[in-house]
Amino acid sequence: MPDISGFKRDQTGYWIPKDPGAYLTYTVDWDDWLTASDGLATSAFTTSTVSGDATPLVIEASTIISDQAVAEISGGTAGTIYTVTNTVTTNNSLTDVRRFKIK
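Source: prediction; values computed, not measured. (Residues numbered from 1 in each chain as written. Predicted model: local features only at pLDDT ≥ 70, side-chain atom pairs only at ≥ 80, totals over all residues. Heavy atoms only, no water.)

Caption draft 1: Seen up close, the overall build of the protein. If you tally the helices and strands in the protein, you get zero helices and eight strands. Reading the protein from its N terminus to its C terminus gives the helix and strand order β-β-β-β-β-β-β-β. Dimensions of the protein along its principal axes, counting C-alpha atoms only, are 45 × 25 × 20 Å. Across the 103 residues of the protein, 39% fall into the buried class. A separation of at least 24 residues holds for 62% of the contacts in the protein among residues at least 6 apart in sequence. Carbon and sulfur atoms provide 49% of the accessible area of the protein, an area that totals close to 5,700 Å². Separation between the mean location of the 7 positive side-chain charges and that of the 12 negative ones in the protein comes to 10 Å. (Helix = DSSP H or I, 4+ residues; strand = E, 2+ residues; numbered from the N terminus. Buried < 20%, exposed > 50% of the residue type's maximum accessible area, 1.4 Å probe, protein only. Contact = heavy atoms within 4.5 Å. Areas by Shrake-Rupley, 256 points an atom, 1.4 Å probe, with all protein chains shown as cover. Lys, Arg positive; Asp, Glu negative; His and termini not counted. Charge placed at Lys NZ, Arg CZ, Asp CG, Glu CD.)

Caption draft 2: The arrangement of the environment of T55 in detail. Along the chain, T55 falls in the loop between strand 4 (40-47) and strand 5 (57-65). Measuring from C-alpha to C-alpha, the distance between T55 and V97 comes to 26 Å, with 42 residues separating the pair along the chain. Those residues in contact with T55, other than ones at most four positions away along the chain, are G75, G76, T77 and Y82.

Caption draft 3: Main features of the nonpolar core. Formed by 18 residues in total, the largest nonpolar core has its most connected members in Y26, W30, F45, I73, V84, F100 and I102. Counting only elements with at least two residues in this core, the list comes to strand 2 (13-16), strand 3 (24-29), strand 4, strand 6 (68-75), strand 7 (82-90) and strand 8 (95-102). Not counting residues within four places of it along the chain, the set of residues in contact with V84 comprises F45, T46, T47, L57, I73, R98, R99, F100 and I102. (Core = buried A, V, L, I, M, F, W, Y, C linked by side-chain atoms within 4.5 Å.)

Caption draft 4: Spatial organisation of the side chain of R98. On the secondary structure map, R98 appears in strand 8. The exposure class of R98 is buried, given its relative accessible area of 15%.

Caption draft 5: Expanded view of the sheet that holds strand 1 (residues 8-10). Ordered by their spatial adjacency, five strands build an open sheet running 1-2-8-7-4, and the pairing between neighbours is mixed. At either end of the open sheet lies a strand with only one pairing partner, and these are strand 1 and strand 4. On average, adjacent strands in this sheet sit at an angle of 30° to one another, irrespective of strand direction. Pairing geometry for strand 1 and strand 2, over three bridges, is antiparallel. If you follow R9 over to strand 2, its bridge partner there is Y14. (Pairing = 2+ DSSP bridges. Axes fitted to C-alpha atoms, helices over the stretch in contact; angles between N-to-C directions.)

Caption draft 6: Just the pattern of salt bridges, in detail. One pass over the full model with this rule turns up two salt bridges. Here K103 ties to D10 by a salt bridge, and the two come within 3.4 Å at their closest N and O atoms. Remark: D10 occurs in strand 1 and K103 occurs in the segment after strand 8; sequence separation between them is 93 residues. The class for K103 is partly exposed, based on a relative accessible area of 34%. In this structure, R98 and D96 form a salt bridge, with 3.0 Å as the shortest nitrogen-oxygen distance. In terms of burial, R98 and D96 fall into one category: buried. (Salt bridge = Lys/Arg side-chain N within 4 Å of Asp/Glu carboxyl O.)

Everything listed here is a matter of geometry and, on its own, says nothing about what the molecule does.
In structure tokens, the structure reads:
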């Protein structure tokens, strides 16, 4: 399982607190999951939508740095819990998904 640096974990999974005014970088490190002969080819981040949310969470940008998937995330509404999904495909055509929550 990849390391999700700086995140907390409870019985429902990984999460991190975020103020609605914060514009932050989130990183999912896939290095331990990848074999020595493979690397990340693509990475996509998505976020859940919350009905009636006036200020939704926004994926501003995403990239791959070595074996890490990186996303810049802004917005959100105080008191709302969002699910962020990172889907990657490797050079060897393997696909995996990791999810974490932003509270």
